[in-house]
Structure formats: C-alpha cells, structure tokens
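# Working through the structure, step by step
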Amino acid sequence: MKVKILGGSAIEIFDSIRQLTNDGQLQPGDNLPSVRELAQQLGVNRNTVSAAYQRLTKAGIAITQGRLGTRICQRNNAGEQEGKTETSLFDLADGSPKREWLPDLNQVAEKTHFNQFLYGEAPILSRIIEYGNAWFSPTCPANFSITLCNGAIDSLERLMAAHLVPGDTVIVEDPCYISSANAIRLAGLQVMGANVDEQGLCPKALKTALEKGAKAVLITPRAHNPTGANLTKERALQLKAVLRDYPNVLVMEDDHFALLAISEHHSVIPETTRHWAVFRSVSKGLGPDLRMAFVAADSETIQRINTRLAPGMSWVSRVLQSLVFTCLTEKIFQQHLEKSKKSCELLRINAIKALKQHNIQVNTVTDGLNIWIPVGGDCKAAAYELSRKGWLVRPGTSFDIKRTSQAIRVSIQNLDEESANKFADDLASVLTKN
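Attention in this report is confined to the structure presented alongside it. Keep in mind that this is a model prediction, so the values were computed, not measured.

Our next topic: the overall build of the protein chain. The helix and strand tally for the protein chain stands at 15 helices and 15 strands. C-alpha extents for the protein chain along the principal axes are approximately 75 × 65 × 40 Å. With 434 residues in all, the protein chain has 52% of them scored as buried. Taking the intrachain contacts of the protein chain between residues at least 6 apart in sequence as the baseline, contacts between residues at least 24 apart amount to 73%. Entry remark: accessible area of the protein chain is about 20600 Å², with carbon and sulfur atoms responsible for 47%. Separation between the mean location of the 49 positive side-chain charges and that of the 45 negative ones in the protein chain comes to 5 Å.

Structure (structure tokens):
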C-alpha cells in the first residue's frame, strides 16, 4: 500500500484512515494492511489496530471479511428508487397507487377545520391520538403509546436511530422493499435477508438470522412488497414463537398498506419483546403528499422517538394531521377509499386470472399492488425481452438481499382486463423463448 497510515492509538488510526478515505487516497475496494502488519508498522499493540478497524466498520468506512482482510467500503448512495418512471413503455414497474384512487385534496381542505398552534403546544392532535388508539388496539400488545412520523421510511429511520448503532444488523425479508433496504444501509447498519414464501417470512430463516446476532427485525405483515405475500395466522404464531426467545431484539412491523388492505393483520410481536413498533403510513390510501404514519410502540420507544424529534422538526405538521383526520373520518372520503380498495382488489384478481389462463406460474397474492412472477431464469433478461414488447417491469434482482431472484415484479394498478391479457400473452411468449 502506497498511502501512509499514522497514529499511536485506536482513535488516531481511525482518524488517519478516515482522512485518507475522504481525500481519495484510499478508494472503495482498497485493502487495508492486516492487523499484524499495521501494528508492526506503527509500533502499537495488535488490539489497538483491531479496535481502530472495528470503529471503521461500525462507521461504515470499511468492511471486515475474515481471512480476506479489511477493505474500504463502497460509498453509500440512495440506491434504486420506487415510483413512476419517465418512459414510453407501458409502466408496470411503478409501485404508486392509481391517481384516481386518491381523494381530491381541494375537497378535503374545504371540509377541514384548521387552527394556528404555537411552540410548546401539544404536538399531536387529541383526535388523532384517539383514532390511532382505536386503530391499533385490535392487533398491538397492551399498554402501547402513539406517535407520528412522516411516512413509513421515516418511521423506520427514527426507530433505528432510537435503538441501534452503526454496525448493528437488521433482518429483513428477502426479497425486500427497495427503500427499506436502502434506508438501513444508509444508516450504517448491516442488512441480513431471510427468505419469504407465499405466507411471508419463513420461521426457519428468521431463527437462523437471529442466531447470528441481529439486533432488529423488520417484517411486513401483509401486502409484502415485492411478493404480495401476507402472513397467515399460523405463520404469524410461528414467527412469534421464534421471536419469543430473543426479547432484546427490536421487532418492527411495516403495515404500509393498511388503508387499502383486504386481508387481516396478524402480528408477530411476542409478550417477551422489550422494544417493538407497528407503523402504518396513509400514503398508499391518501396519496404520497399526505405523508404521515401512525406509530404504535412500547412507551420507552415512543419516548425515544419524541425526544429525538424535539430539538429538530419537533412534530408532524398539525395542518397535515387535520387533513389526514378529515380523510379518515368524513363519510365521503371513507366511501371513496372503500371504492379504491375494491378497485385494487379487482385489478389484482383480473391480472392473476389472465396469467393463469396463459399457464404462467404466479405466487398466490391476496393483497397489495404487486404480483411476483417466477420466470425460471435470468430475470433481467426476461425484463429486457418484455421491454422490447413494450412493457416495463421490475426485475427481481432489484429487491434481492443475499439470493438471486428468478422473478419479476409487476404492479397491477395500470392493468385493465384487456391490457392484462395482452401482457400475459407477451410474457408467455418470453417464457417459452427462454
């Protein structure tokens, strides 16, 4: 190695390598000297170098690979993003809700009463707390508290900041929602995948991951993105039994599709778990700009989140809270939401029916915007062939954590009966060709 690392203590060695990385003298992928080699060069104890390397790993600057040594990490980026793409293709990659499913915000504003609030006043409207308590009571452990965050990913980030430190490992479903995996990595945490089948996260895979020392687990109880899987009551009980032996693991349930879900929420949180949270964003049912999430959690977790909120953004806008409350309680918007829920269900059923009529294997999907379709080979190649026929889909590799998916994700909100049959026909020809 041509660069010169300096320092006589773990902190000094850490700062030296950090500066060399910031200056570009150490590039992503560069190997650092072995602990023994650097200790000899600097005339320090091996434990000193080892402590510096551990600090680098926790800070996300380096990664230790056992016998392969320690190397500088790739720089973090936001990663692949969910949502609408500017394309001339028929877009089946967009995970957004259908625009017509969302309420008219001008009409919402007309029916909403707003107040001016001052600093120091209650950050959450009392009627929002009452609504949240009633909404979560059927599924949450007893004695929970409620707070608000700005969407599902903001909830995830604040929960991780409240309980985890850089270098900790978070178990996620594999395949995993793009934004969740990206948020975990950008927080300096390690992502560990556990396999998913048609009933959701697999208990054996969860247990194996927990045995490796993970500090948290993120589970989607229904409408899993990308597969559409829902936890059955039996599967939820199996996962709860596994988690019961790990009371200090943070358990997070991302129930992001709650407003449009037709399936029941089966919780996996056991009575032994010390810290837990269930969060429900309203974005899928009310629109991305009404980005607010209810968070139900144990009282200590809620206190930690609110404490971190206090010196910064302090609260979720009470104007936003008022608009969301109108949507959740006014009869006209509730009727609109129910209509949207049924429309989503019908599109999903029609798409699955069209695929089955073309003898295409498809996972049993009972909820959500997405269908997960095994292609029996290179999913990127299948996605490319579909693009040549005018269709834009997400290859399964976009959602992979540790394994290679041989599947594509298809979002159903733009598929009417005619286009669903045309897509199924084109996909059948691609699969036959492969």
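The rest of the description comes next.
To continue, consider the nonpolar core. Counting 85 residues, the largest nonpolar core has Ile-373, Ile-408 and Phe-423 as the members making the most contacts within it. The contacts of Ile-408, once residues within four sequence positions are left out, are Ile-371, Trp-372, Ile-373, Val-375, Cys-379, Leu-386, Val-393, Arg-394, Pro-395, Gly-396, Phe-423 and Leu-427. One finds Leu-159, Leu-218, Ala-277 and Leu-309 within the second-largest nonpolar core, a separate group that totals 26 residues.

The strand order across the open sheet formed by eight strands is 4-11-10-9-8-5-6-7, and the pairing between neighbours is mixed. Looking at which strands have only one partner, the edges of the open sheet turn out to be strand 4 (145-149) and strand 7 (200-201). Summarising the sheet, strand 8 (residues 216-219) and strand 9 (residues 250-254) pair through four bridges and their orientation is parallel. Across the sheet, residue Leu-218 finds its bridge partner in strand 9, namely Met-252. Contacts from helix 5 (residues 126-136) reach strand 4, strand 10 (276-281) and strand 11 (293-297) within the one sheet, and its direction differs from that of strand 11 by about 60°.

Structurally, the position occupied by Asp-426 is in helix 15 (residues 417-433). Ignoring anything within four residues of it in the chain, the contact list for Asp-426 reads Leu-386, Lys-389 and Trp-391.

Moving on, we get to the packing of helix 14 (residues 379-388) against helix 15. Following both chains from N to C, one finds helix 14 and helix 15 inclined at 130°, their axes separated by 10 Å at the closest point. With respect to helix 15, the axis of helix 14 lies oblique. Crossing geometry of helix 14 relative to helix 15 is assigned as right-handed. In this structure, helix 14 contributes Ala-382, Glu-385, Leu-386 and Arg-388 to the contact, and helix 15 contributes Phe-423, Asp-426, Leu-427, Val-430 and Lys-433. Of the residues assigned to the contact of helix 14 with helix 15, the class counts are five nonpolar, no polar and four charged.

What follows is about the pattern of salt bridges. Under the counting rule described, the total for this entry stands at 13 salt bridges. Where Arg-280 meets Asp-255, a salt bridge forms, and the shortest distance between an N and an O atom there is 2.8 Å. Highlighted residues: Arg-280 in strand 10 and Asp-255 in the loop between strand 9 and strand 10, separated in sequence by 25 residues. Like Arg-280, the residue Asp-255 is buried in the burial classification.

Rules of the game
Residues numbered from 1 in each chain as written. Predicted model: local features only at pLDDT ≥ 70, side-chain atom pairs only at ≥ 80, totals over all residues. Heavy atoms only, no water. Helix = DSSP H or I, 4+ residues; strand = E, 2+ residues; numbered from the N terminus. Buried < 20%, exposed > 50% of the residue type's maximum accessible area, 1.4 Å probe, protein only. Contact = heavy atoms within 4.5 Å. Areas by Shrake-Rupley, 256 points an atom, 1.4 Å probe, with all protein chains shown as cover. Lys, Arg positive; Asp, Glu negative; His and termini not counted. Charge placed at Lys NZ, Arg CZ, Asp CG, Glu CD. Core = buried A, V, L, I, M, F, W, Y, C linked by side-chain atoms within 4.5 Å. Pairing = 2+ DSSP bridges. Axes fitted to C-alpha atoms, helices over the stretch in contact; angles between N-to-C directions. Parallel < 35°, antiparallel > 145°, perpendicular 65-115°, else oblique. Left-handed = near helix turned anticlockwise from the far one by under 90°. Nonpolar A, V, L, I, M, F, W, Y, C, P; charged D, E, K, R; others polar. Salt bridge = Lys/Arg side-chain N within 4 Å of Asp/Glu carboxyl O.

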